[in-house]
Amino acid sequence: MISEKLQKARDFERQYQHFLDEERPRFHVTGGIGWINDPNGFSVYRGEYHLFFQYHPYSTKWGPMHWGHVKTKDFIRWERLPIALAPDTEMDQDGCFSGSAIELPDGRQLLMYTGVCKVRRSDGVIEEIQNQCIAVGDGVNYEKYEGNPVLDASDLPEGGSEIDFRDPKIWREDGLYYAVMGNRSADGSGDVLLYKSEDAFHWTYVKKIESCRNEYGRMWECPEFFPLDGKQVLLTSPMEMAPVGLEFHAGYGALCLIGTYDKDNLVFHRERVQSIDYGLDFYATQTLEALDGRHIMIAWMQNWATTTSQPQGIRLFGSMTLPRELSIRDGRLIQNPVRELENYHGRRVAYENVLVDREVNLSGISGRVLDMTVTVHPANESGYHWFKLNLAKDGEHCAVIRYKPGANTVRIDRTRSGGRFDIVHVRDFLVRPQQGAIKLRVVMDRNSIELFVNDGEQAATFLIYSTEEAEAISFEADGSVLVDVEKYDLDL
Ligand code: FRU
């Protein structure tokens, strides 16, 4: 049965979404209209890839959360489906928060999400509590399970907060269902809790799989836990991070813990902790295992700290990153754009060994919807101080990616990219020394830049705000470098 609230949201989206088609990025997921945040339910269903997302269609501000819905066969072209969930039951009346999805053996699709509802305490204070709920459907329409909530405060470990208990990520393993979710523990910081179930409807608490202990931020949102290239990976998005060198910045972060998993005792041994993305607009990751076994990650291409700094007059706020293939190399998380992007490569313009010792423009190298790889080598033994890749440029605007070989740092800088708010515009991060050489792959989709350094060793994602007339690209160096450039327009 489709509730009145869900029908209203569906009708609203259907009525207005086409007015925004000119404003959308070409291949990054947005809502039909209004606000989106976290990716949800990124999963395979009946041979296609489904993606849901936190959605408030009625305005560009966060509001009572619905689940928007799209699907794809290739991670690049997406088909919009009717809104899947509205906050229309007692258990989720104040929002259907983030969660995940799985295909059941009987062919139905199960959504596991956080229901938020207000309760009045005995002292009269109203609090929002979080519990885990289920809805089941056919890939378009979903029925909420009559046994909701399937997990509530009574399923928490001692000291666990029912106010911060959210974002279940479900998977199936050895004939059982498991789910991890975030919880705030008695020390005020995040825990990742593991639950299990025989049928995906009846759940029991197993144990804490990892704890933040106030070291990497505070509350850990949107956790997930999966094997990758012989290691075990825990991804989570911490709130209130403190900066550590150039690895972690203050605020909302995206964290990757790599280690091993002792499955018999359900113990995760942490070996390494790193940022997932070193840019400005990246939060709340979600992954799936593709039909060919690749682990693909998507995230919200935004940052909670800047959501109130919206350009005037916009009607769409929030989009997803390009889906990225994950792997582990030398103990580090590696990310590269999904290979399907190459199917949309259009006109190719390439140069080899171009001497850059001042600002250089190259004929045919410009644009705002493109996939470009720039490889930089020192031109002589005296090396160079910096190399700059200037993007989205006109007389007034320029988004800069700068590499300093002496410090092994890359800087992204959107100070002059049309933004009119005093928010963070610059970020530096460390890259691995390569004797003065660096490879920068840039994927641009109108107002977004996703940078992949040295074949995916680091990624840095950021939005820019200049209009699309700012489309020049130039290369600049202090010192002398030789540059190879391969640029494809994206035909989308
Ligand atoms: C992360 C998050 C989740 C929550 C959702 C609410 O961005 O705060 O923890 O489920 O957004 O929209």
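Note that the structure is a prediction, hence the values are computed from the model and not measured.

The next subject is the site of the ligand. Within the structure, the ligand sits among N37, D38, Q54, W62, M65, F97, S98, R166, D167, E221, Y283 and W304. The side chain of R166 places a nitrogen or oxygen atom 2.8 Å from an oxygen atom of the ligand. One of the side-chain N or O atoms of E221 is found 2.8 Å from an oxygen atom in the ligand. When the ligand is considered free in solution it has 320 Å² of accessible area, and contact with the protein chains removes 95% of it. Here the shell around the ligand is built from residues that sort into 5 nonpolar, 3 polar and 4 charged.

Our focus in this paragraph is the sheet that holds strand β3 (residues 66-72). Pairing within the open sheet is mixed, and its 5 strands lie in the order β4-β3-β2-β1-β19. Edge positions in the sheet fall to β4 (78-85) and β19 (316-317), since each has one partner strand and no second. Taken strand by strand, helix α1 (residues 4-16) contacts β2 (48-56), β3 and β4, and its axis lies near 155 degrees from that of β4.

Strand order in the open sheet formed by 5 strands is β27-β26-β25-β24-β31, and the pairing between neighbours is antiparallel. Every interior strand has two partners, whereas the edge strands, β27 (426-430) and β31 (472-479), have only one. The mean inter-strand angle of the sheet, taken between neighbouring strand axes irrespective of direction, is 15 degrees. Relative to β31, strand β24 (residues 384-393) runs antiparallel, the two sharing 7 bridges. From the neighbouring strand, K393 faces β31, where its bridge partner is A472.

Looking now at the side chain of H66. Looking at the secondary structure, you find H66 in strand β3. Residue classification places H66 among the buried residues on the basis of a relative accessible area of 4%. Only 3.0 Å separates the side chain of H66 from the backbone oxygen of P64, close enough to count as a polar contact. Apart from the residues within four sequence positions on either side, H66 is in contact with A9, F53, Q54, Y55, P57, Y58, I83, L85, A86, P87 and C96.

With that out of the way, let us pick up the domain arrangement of the protein. Domains assigned within the protein are domain 1 (4-340) and domain 2 (346-490). Measuring from the centre of the C-alpha atoms in domain 1 to the corresponding centre in domain 2 gives 31 Å. On the domain 2 side, the residues contacting the 33 residues of domain 1 number 34 residues. Taking both partners together, domain 1 and domain 2 bury about 2800 Å²; carbon and sulfur atoms supply 57% of that area. Of all residues in domain 1, the largest losses of buried area upon contact with domain 2 belong to L246, Y278 and L280, amounting jointly to 24% of the total for that side. Salt-bridge contacts for R414 lead to D281; the nearest nitrogen and oxygen are separated by 3.0 Å. Remark: the boundary between domain 1 and domain 2 carries 23 residue pairs in polar contact (both at pLDDT 80 or more).

Conventions used here
Counting starts from 1 at the beginning of each chain's written sequence and moves along it residue by residue. Reporting in this predicted model follows two pLDDT cut-offs: at least 70 for local features of residues, and 80 or more for side-chain atom pairs to be given and counted; totals over whole chains, interfaces and linings ignore these cut-offs and use all residues. Only hydrogens and water are set aside when side-chain values are computed; all heavy atoms of the structure are taken into account. Nearness is judged by heavy atoms alone; a residue qualifies as near a molecule or strand once a single heavy atom is within 4 Å of it. We call two N or O atoms a polar contact when they sit within 3.5 Å, provided that within protein one can donate a hydrogen and the other can accept it, with sequence-adjacent residues counted only if both atoms are side-chain atoms. The protein chains shown are the only cover counted for residues, whose accessible areas, like all others here, come from Shrake-Rupley with a 1.4 Å probe. Three classes are used: nonpolar for Ala, Val, Leu, Ile, Met, Phe, Trp, Tyr, Cys and Pro, charged for Asp, Glu, Lys and Arg, and polar for all others, with Gly counted as polar. The pairing criterion for strands is at least two bridges between them, as found by DSSP. Helix and strand assignments come from DSSP, with helices taken as H or I runs of at least 4 residues and strands as E runs of at least 2, each series counted from the N terminus. When checking whether two residues touch, look at their non-hydrogen atoms; a contact exists if any pair is within 4.5 Å. Fitted lines through C-alpha atoms give the axes, limited to the stretch in contact for helices. The angle between two N-to-C directions lies from 0 to 180 degrees. Categorising residues by exposure relies on relative accessible area from a 1.4 Å probe, with only protein chains included: less than 20% of the type maximum marks a residue as buried, more than 50% marks it as exposed, and the intermediate range marks it as partly exposed. Domains are outlined according to an automatic or database domain assignment. As used here, buried area is the combined drop in accessible area, with a 1.4 Å probe, of two parts when they are placed together. Salt bridge criterion: a side-chain nitrogen from Lys or Arg within 4 Å of a carboxyl oxygen from Asp or Glu.

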